[in-house]
Amino acid sequence: MEVTASSRHYVDRLFDPDPQKVLQGVIDMKNAVIGNNKQKANLIVLGAVPRLLYLLQQETSTTELKTECAVVLGSLAMGTENNVKSLLDCHIIPALLQGLLSPDLKFIEACLRCLRTIFTSPVTPEELLYTDATVIPHLMALLSRSRYTQEYICQIFSHCCKGPDHQTILFNHGAVQNIAHLLTSLSYKVRMQALKCFSVLAFENPQVSMTLVNVLVDGELLPQIFVKMLQRDKPIEMQLTSAKCLTYMCRAGAIRTDDNCIVLKLDHDLKHAHELRQAAFKLYASLGANDEDIRKKIIETENMMDRIVTGLSESSVKVRLAAVRCLHSLSRSVQQLRTSFQDHAVWKPLMKVLQNAPDEILVVASSMLCNLLLEFSPSKEPILESGAVELLCGLTQSENPALRVNGIWALMNMAFQAEQKIKADILRSLSTEQLFRLLSDSDLNVLMKTLGLLRNLLSTRPHIDKIMSTHGKQIMQAVTLILEGEHNIEVKEQTLCILANIADGTTAKDLIMTNDDILQKIKYYMGHSHVKLQLAAMFCISNLIWNEEEGSQERQDKLRDMGIVDILHKLSQSPDSNLCDKAKTALQQYLA
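Residues numbered from 1 in each chain as written. Predicted model: local features only at pLDDT ≥ 70, side-chain atom pairs only at ≥ 80, totals over all residues. Heavy atoms only, no water.

Student: When you look at the overall build of the protein chain in this model, what are you seeing that I'm missing?
Tutor: A tally of regular secondary structure across the protein chain gives 39 helices and 2 strands. Seen through its C-alpha atoms, the protein chain measures out along the principal axes to roughly 115 × 50 × 50 Å. When contacts within the protein chain are restricted to residue pairs at least 6 apart in sequence, those whose partners lie at least 24 apart make up 66%. Element-wise, carbon and sulfur atoms account for 52% of the exposed surface of the protein chain, whose accessible area totals about 26,500 Å². (Helix = DSSP H or I, 4+ residues; strand = E, 2+ residues; numbered from the N terminus. Contact = heavy atoms within 4.5 Å. Areas by Shrake-Rupley, 256 points an atom, 1.4 Å probe, with all protein chains shown as cover.)

Student: How should the side chain of Arg51 be read in this particular structure?
Tutor: As for its placement among the helices and strands, Arg51 is situated in helix H4 (residues 48-57). The side chain of Arg51 sits in the buried core without any salt bridge; Asp16 is the nearest counter-charge, 9.0 Å away. In terms of polar contacts, Arg51 uses its side chain to reach the backbone carbonyl oxygen of Leu14, at 3.0 Å. Beyond its immediate stretch of four places on either side in the chain, Arg51 contacts Leu14 and Phe15. (Buried < 20%, exposed > 50% of the residue type's maximum accessible area, 1.4 Å probe, protein only. Lys, Arg positive; Asp, Glu negative; His and termini not counted. Salt bridge = Lys/Arg side-chain N within 4 Å of Asp/Glu carboxyl O. Polar contact = N/O pair within 3.5 Å; in protein donor to acceptor, adjacent residues only side chain to side chain.)

Student: Whenever I open this one, the side chain of Gln193 confuses me. Can you help?
Tutor: Inspection of the secondary structure puts Gln193 in helix H13 (residues 188-202). In this structure Gln193 touches Glu151, Cys154, Gln155 and Ser158, once residues within four positions along its chain are discounted.

Student: What is the right way to read the nonpolar core from this model?
Tutor: When a protein is soluble and globular, its nonpolar side chains tend to lie buried together. Among the nonpolar cores identified, the biggest contains 215 residues, and Phe198 and Leu499 are the most heavily contacted of them. Beyond its immediate sequence surroundings of up to four residues, Leu499 is in contact with Met476, Val479, Leu483, Ile512, Ile518, Ile522 and Cys540. (Core = buried A, V, L, I, M, F, W, Y, C linked by side-chain atoms within 4.5 Å.)

Student: How do you make sense of H4 when you look at a structure like this?
Tutor: Taken across its 10 residues, H4 has 7 buried, putting it largely inside the fold. Those residues of H4 that sit buried are Ala48, Val49, Arg51, Leu52, Leu53, Leu55 and Leu56.

Student: Is there a simple way to think about the environment of Asp510 in this case?
Tutor: Structurally, the position occupied by Asp510 is in helix H34 (residues 509-513). Separated by 45 residues in the primary sequence, Asp510 and Arg555 have C-alpha atoms spaced 9.4 Å apart.

Student: Please explain the UniProt feature "repeat: ARM" (unreviewed entry) in the protein chain as it appears in this structure.
Tutor: Those residues carrying the UniProt feature "repeat: ARM" (unreviewed entry) are residues 47-83 in this numbering. Note that residues 47-83 is 76% helix and 0% strand, and that its end C-alpha atoms are spaced 12 Å apart. (UniProt positions renumbered as here; feature names shortened; annotations may be inferred.)

Student: Sorry, what's going on with the pattern of salt bridges here?
Tutor: Here the idea is simple: oppositely charged side chains can pair when their charged atoms come close. One pass over the full model with this rule turns up 20 salt bridges. Residue Lys521 pairs with Glu484 through a salt bridge whose shortest N-O separation is 2.9 Å. Of this pair, Lys521 sits in helix H35 (residues 516-526) while Glu484 is found in helix H32 (residues 461-484), placing the two residues 37 residues apart along the sequence. The salt bridge partner of Glu549 is Lys509, with a shortest N-O separation of 2.8 Å. Here Lys509 lies in helix H34 and Glu549 lies in the loop between helix H36 (531-545) and helix H37 (552-561), a separation of 40 residues in the sequence.

Student: Whenever I open this one, the packing of aromatic side chains confuses me. Can you help?
Tutor: Given two aromatic rings, one states the distance between the centres and the angle between the planes to describe the pair. Applying the stated criterion across every chain yields a total of 4 aromatic pairs. Ring centres of Tyr524 and Tyr525 lie 4.8 Å apart, and the angle between their planes is 75 degrees; this geometry places the pair in the edge-to-face category. In this structure Tyr525 comes out as buried when scored by relative accessible area, which is 3%. Above the face of the Trp409 ring, Lys449 is positioned so that its terminal group lies 4.3 Å from the ring centre. (Phe/Tyr/Trp six-rings, centres within 6.5 Å; stacked < 30°, edge-to-face > 60°. Lys NZ or Arg CZ within 6 Å of the ring centre and 35° of its normal.)

Student: Teacher, can you tell me more about H13 here?
Tutor: The periodicity of an α-helix, 3.6 residues per turn, causes residues three or four places apart in sequence to face the same way. Between its terminal C-alpha atoms H13 stretches 21 Å, which fits the 21 Å expected from 15 residues at 1.5 Å a residue. Where H13 is buried, its residues contact helix H10 (147-160), helix H11 (164-172), helix H12 (175-180), helix H14 (206-213), helix H15 (222-228) and helix H16 (236-251). For H13, the N-terminal cap is Ser187; the gap from its side-chain oxygen to the backbone nitrogen of Lys189 is 3.3 Å. At the exit of H13 stands Glu204, carrying a positive phi of roughly 50 degrees. (Expected span 1.5 Å × (residues − 1).)

Student: I'm lost on the packing of helix H24 (residues 347-355) against helix H25 (residues 359-372) in this one. Help?
Tutor: The N-to-C vectors of H24 and H25 enclose an angle of 140 degrees; their axes lie 10 Å apart at closest approach. Between H24 and H25, the interaxial angle falls into the category oblique. Between H24 and H25 lies a crossing whose hand is left-handed. On H25, the residues touching Trp347, Leu350, Met351, Val353 and Leu354 of H24 are Ile361, Leu362, Ala365, Ser366, Met368, Leu369 and Leu372. Here the residues of the contact of H24 with H25 sort into 11 nonpolar, 1 polar and no charged. (Axes fitted to C-alpha atoms, helices over the stretch in contact; angles between N-to-C directions. Parallel < 35°, antiparallel > 145°, perpendicular 65-115°, else oblique. Left-handed = near helix turned anticlockwise from the far one by under 90°. Nonpolar A, V, L, I, M, F, W, Y, C, P; charged D, E, K, R; others polar.)

Student: How do you make sense of unusual backbone geometry when you look at a structure like this?
Tutor: Glycine aside, residues mostly have negative phi angles, and peptide bonds mostly take the trans form. The backbone phi angle of Gln417 is positive, close to 50 degrees, even though this residue is not glycine. Considering the arrangement of structural elements, one finds Gln417 in the loop between helix H28 (401-415) and helix H29 (420-430). When its relative accessible area of 61% is taken as the criterion, Gln417 is described as exposed. In this structure, Ser431 takes a positive phi of about 75 degrees despite not being glycine. Judged by its relative accessible area of 23%, Ser431 falls in the partly exposed class.

Student: Looking at this structure, I do not really get the environment of Leu139. What am I missing?
Tutor: The residue Leu139 is located in helix H9 (residues 135-142) in this model. Owing to a relative accessible area of 2%, Leu139 belongs among the buried residues under this scheme. Spatially, the C-alpha atoms of Leu139 and Ile156 are 9.9 Å apart, while their sequence positions differ by 17 residues. Discounting chain neighbours no more than four positions away, the residues touching Leu139 are Leu100, Leu112, Leu129, Ile153 and Phe157.

Student: Can you walk me through the packing of H32 against H35 in this structure?
Tutor: Any two packed helices are characterised by how steeply their axes cross, that is the angle between the axes, and by the distance between the axes. One can describe the packing of H32 onto H35 by two numbers: an axis separation of 11 Å at closest approach and a directional angle of 40 degrees. As the angle between them shows, H32 and H35 are arranged oblique. Classified by chirality, the crossing of H35 by H32 is left-handed. The segment H32 lies against H35, with Met476, Val479, Thr480, Leu483 and Glu484 engaging Asp517, Ile518, Lys521 and Tyr525.

Student: What is the right way to read the state of the cysteines from this model?
Tutor: Covalent bonding between the sulfur atoms of two cysteines defines a disulfide. Counting across every chain of the model gives 0 disulfides. Cys90 takes part in no disulfide bond, and the closest cysteine sulfur to it belongs to Cys114, at a distance of 12 Å. (Disulfide = S-S within 2.5 Å.)

See the structure below:
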């Protein structure tokens, strides 16, 4: 009870008729609540907040009293989240924003400090900053008043800028111009808060990023200032935030990625601090995403690949993810897949990462595996030997569509121009049931990649005949279903190309010739309104009627009876030169 009694005494003094005693009461209250959460909670329960807000807004209150009230309210806000909720319920924000119109700088700073504390609390809705349209321009104007107004206002902006709408409001009110010069402030806190503002303004925002590139501060361009802030002698937080700014600018295409200064400066950063390594890896990933020269520079930097590969086994999930992203970006280079990726046996730690990792890492790692399995990649062999087929077939059963796509995509790359044994392994591990599930997957990418896998499995004659002798019935069923289904042009085209591959087999041809339903479908697509589908159907016919092959006469006769020759004559008049040539070539088979 003792605390409550003394708390009541503090609140009672706020109602004293003598203004001097009220001021002293507020000052005593300020000293009593510092670092004392229990005392803060008691004062809130006893109704101190409405009275403090009343005094803060009273015209008859002296500036000193108003300032002390703002300080106490700021102190109460520093307690628990419940304290902040109580302050919000008393409409503290409009009261403090009103206080910013005062001519007195000390009072303005106290209001801003309290607003900063409230807005940085997770329970405060950011929207409260934007409710009154006059607030943002007024805050911009206050930026020039003192280093404290600069620090607090930047901190409020960086916490309340969530999403493109907020970015646009701040940008349109001149945030970039008003905050840029603060990056060279003598106060570290001001520099740091200004930097954080730029990182939230530029996040996924090309318009802001493009503007930042050309901003000059004391004769230096902003990107150069950010690069300076990356240096080893700067605090970790500053290095990390400037790396974020540069990353966002790179992603937006605002910075030329052959900017040497960025690559060389970043090299120092990889050596320390989880967060910093994460930021550096992310930046490398953005820099290397679409630029072969920059990928080469990164890879040729001494020990760089070793460091990135080491990042794959870091304890921090975030660093592992950033390292995988970085390698994925570098794996887009054919040259590097053939050289550095092999020299550093990147596939080994990658396979390890794929064994058990969170989905977000699995998605990027499996995406990179797709690149490592391209036919010209020397890593393809060792990856196959280390059990990749089972692992990828497992991914195709994932709940996550991105993992299903990557699993089947990697299998598709693996099957391209592969030997019979690998193809058989894929079919055995995947199982016909799973293949059918993937062919009826609701995700279009999964369906397209599965058709791509089938097409790659059914290439080169002996392989086509072998696979169709064991799985022919099911594959023909799947093809029929897709050609009958509601699918887009690309899906149907891929399916007809699979049929054309089957038609290229020696014994596999019979599965088409004895299936009148399929033959009618090929005929239908020869007369389709879309040239792509007509061409794909033409390939099927050409492969079926080719003269030099056994049984070609019987096949030609059957197709003639179906009216195929009439369609070929019609297509030989087609305005599409490609289609016209293919039809003429097919007709020559009948004349030979």
